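The primary structure of each chain is shown beneath.
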Amino acid sequence: MNILSPSILSADFTRLGEQIHALDEAGAQYMHIDVMDGLFVPSISYGMPVIKSIRKITAKVFDVHLMIDRPERYIREFADCGADVITFHIEATDKAGEIITEIHQRGMKAGIAIKPGTPVETLSPYMEEADMFLVMTVEPGFGGQAYIEACTEKIRAVRKMVRESGKKIDIQADGGINRSNLESVLAAGANVIVAGSAVFHGNIKDNTAGFLEVISKFNEN
Ligand code: DX5
Ligand code: ZN
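Worth saying up front: this structure is predicted, and the values here are computed from it rather than measured.

So, the overall build of the protein
A tally of helices and strands in the protein yields 8 helices and 8 strands. Against the compact-globule benchmark of 17 Å for 221 residues, the protein has a radius of gyration of 16 Å, which places it among compact chains. Oriented by its inertia axes, the alpha-carbon framework of the protein measures out at about 40 × 35 × 30 Å. The buried share among the 221 residues of the protein stands at 54%. Intrachain contacts of the protein at a sequence separation of at least 6 include 65% that bridge at least 24 residues. Side-chain charges in the protein split into 22 positive and 30 negative, and the spacing between the mean points of these groups amounts to 2 Å.

So this is what it looks like as structure tokens:
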């Protein structure tokens, strides 16, 4: 299934509850929650207290993108505050297998993310266990950056790997996606689309509806 996962990193935090209601009404399936630790990436965003708090106002799937060093330290905490999908960076840990096992034991889906410079082959040992692969299309750390064109080829390569494996693994693309490049990202094989600034800048409902219209036209694979 093709899915839109708006990133609340671009929300107006003085009106977060209101903006989440707008997303709910507009029908985006997931909500992308970027957690940054100032170590794995230069910036610091938000963590458990914010997630726990917004969990009370929406039933949307919480798609938590951990941009943190050694994510194995925090899987339980993110499970407890209401994550449904946890994606961690393969560059941030040497315990990927154990992390996926723990995420599954806690009843969530597990995603593995790669930065633009990380080869797609890094994902191949996890074809059996992973539920999602996240191909970063900007350097992780900030919203509002420009899409890195070279990453489209990586999405295509990951889609090929997944198709050849016969597994049902979602492919998420994250960073710099807007209405102009959305179709090429979908055509390359991504089926979970993250968008931050392109959803939150301007009218959230209209932007979401615009994304969903294009996304629903594309079928998975
Ligand atoms: C970047 C984050 C992205 C970001 C996307 O490190 O992982 O999820 O919020 O925002 P846009 O769509 O504005 O690039
Ligand atoms: Zn993200």
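A few points about the pattern of salt bridges
Under the defined criterion, the tally for this structure stands at 12 salt bridges. Members of the salt-bridge network, linked through shared partners, are Asp12, Arg15 and Glu18.

A closer look at the site of ligand 1
Neighbouring ligand 1 are 20 residues, the closest being Gly141, Asp174, Gly176, Gly196 and Ser197. Between Gly196 and ligand 1, the recorded distance is 2.8 Å, taken from a backbone N or O atom to an oxygen atom. Of all the secondary structure elements, the ones that give two or more residues to the shell around ligand 1 are β2 (30-36), β3 (61-67) and β8 (192-195). Looking at the shell around ligand 1, the element that brings in the most residues is β2, giving 3 residues. Classifying every residue of the shell around ligand 1 by side-chain character gives 8 nonpolar, 10 polar and 2 charged.

Section: the coordination of the zinc ion (ligand 2)
Those donors, His32 (NE2), Asp34 (OD), His65 (ND1) and Asp174 (OD), are the protein atoms that reach the zinc ion (ligand 2), and they lie 2.0 to 2.2 Å from it. With 6 donor atoms in place around the zinc ion (ligand 2) and angles of 71 to 171° between them, the coordination shape is octahedral. Counting residues between consecutive donors of the zinc ion (ligand 2) along the chain gives the motif H-x1-D-x30-H-x108-D. Remark: Asp174 occurs in strand β7 (residues 170-174) and His65 occurs in strand β3; sequence separation between them is 109 residues.

A closer look at the side chain of Thr137
The residue Thr137 is located in the loop between β6 (132-136) and α5 (151-165) in this model. Not counting the four nearest positions on each side in its chain, Thr137 is found in contact with Ala146, Tyr147, Ile148, Cys151, Ile155, Ala173, Asp174, Gly175 and Ile177.

Quick look at unusual backbone geometry
Even without glycine at this site, Arg70 takes up a positive phi of about 45°. If you trace the backbone, Arg70 turns up in the loop between β3 and α3 (75-80).

What to know about the pairing of strand β4 (residues 85-89)
Of all 5 residues in β4, 5 are buried; the element is thus mostly enclosed. Every second residue of β4 is oriented toward a common face, with Val85, Thr87 and His89 on one face and Ile86 and Phe88 on the other, all of them buried. Pairing between β3 and β4: 4 bridges, direction parallel. Bridged to His65 within β4 is Thr87. Between β3 and its parallel partner β4, the chain crosses via α3, and the hand of that crossover is right-handed.

Reading the values: the criteria
- Residues numbered from 1 in each chain as written.
- Chains lettered and ligands numbered in written order.
- Predicted model: local features only at pLDDT ≥ 70, side-chain atom pairs only at ≥ 80, totals over all residues.
- Heavy atoms only, no water.
- Helix = DSSP H or I, 4+ residues; strand = E, 2+ residues; numbered from the N terminus.
- Rg over C-alpha atoms; globule rule 2.2 N^0.38 Å.
- Buried < 20%, exposed > 50% of the residue type's maximum accessible area, 1.4 Å probe, protein only.
- Contact = heavy atoms within 4.5 Å.
- Lys, Arg positive; Asp, Glu negative; His and termini not counted.
- Charge placed at Lys NZ, Arg CZ, Asp CG, Glu CD.
- Salt bridge = Lys/Arg side-chain N within 4 Å of Asp/Glu carboxyl O.
- Near = heavy atom within 4 Å.
- Polar contact = N/O pair within 3.5 Å; in protein donor to acceptor, adjacent residues only side chain to side chain.
- Nonpolar A, V, L, I, M, F, W, Y, C, P; charged D, E, K, R; others polar.
- Donors = N, O, S within 2.8 Å, 3.2 Å for Na, K, Ca; no water.
- Tetrahedral: all angles 85-135°; square planar, octahedral: opposite > 155°, others 65-115°.
- Pairing = 2+ DSSP bridges.
- Right-handed = clockwise from strand over helix to strand, strands pointing away.

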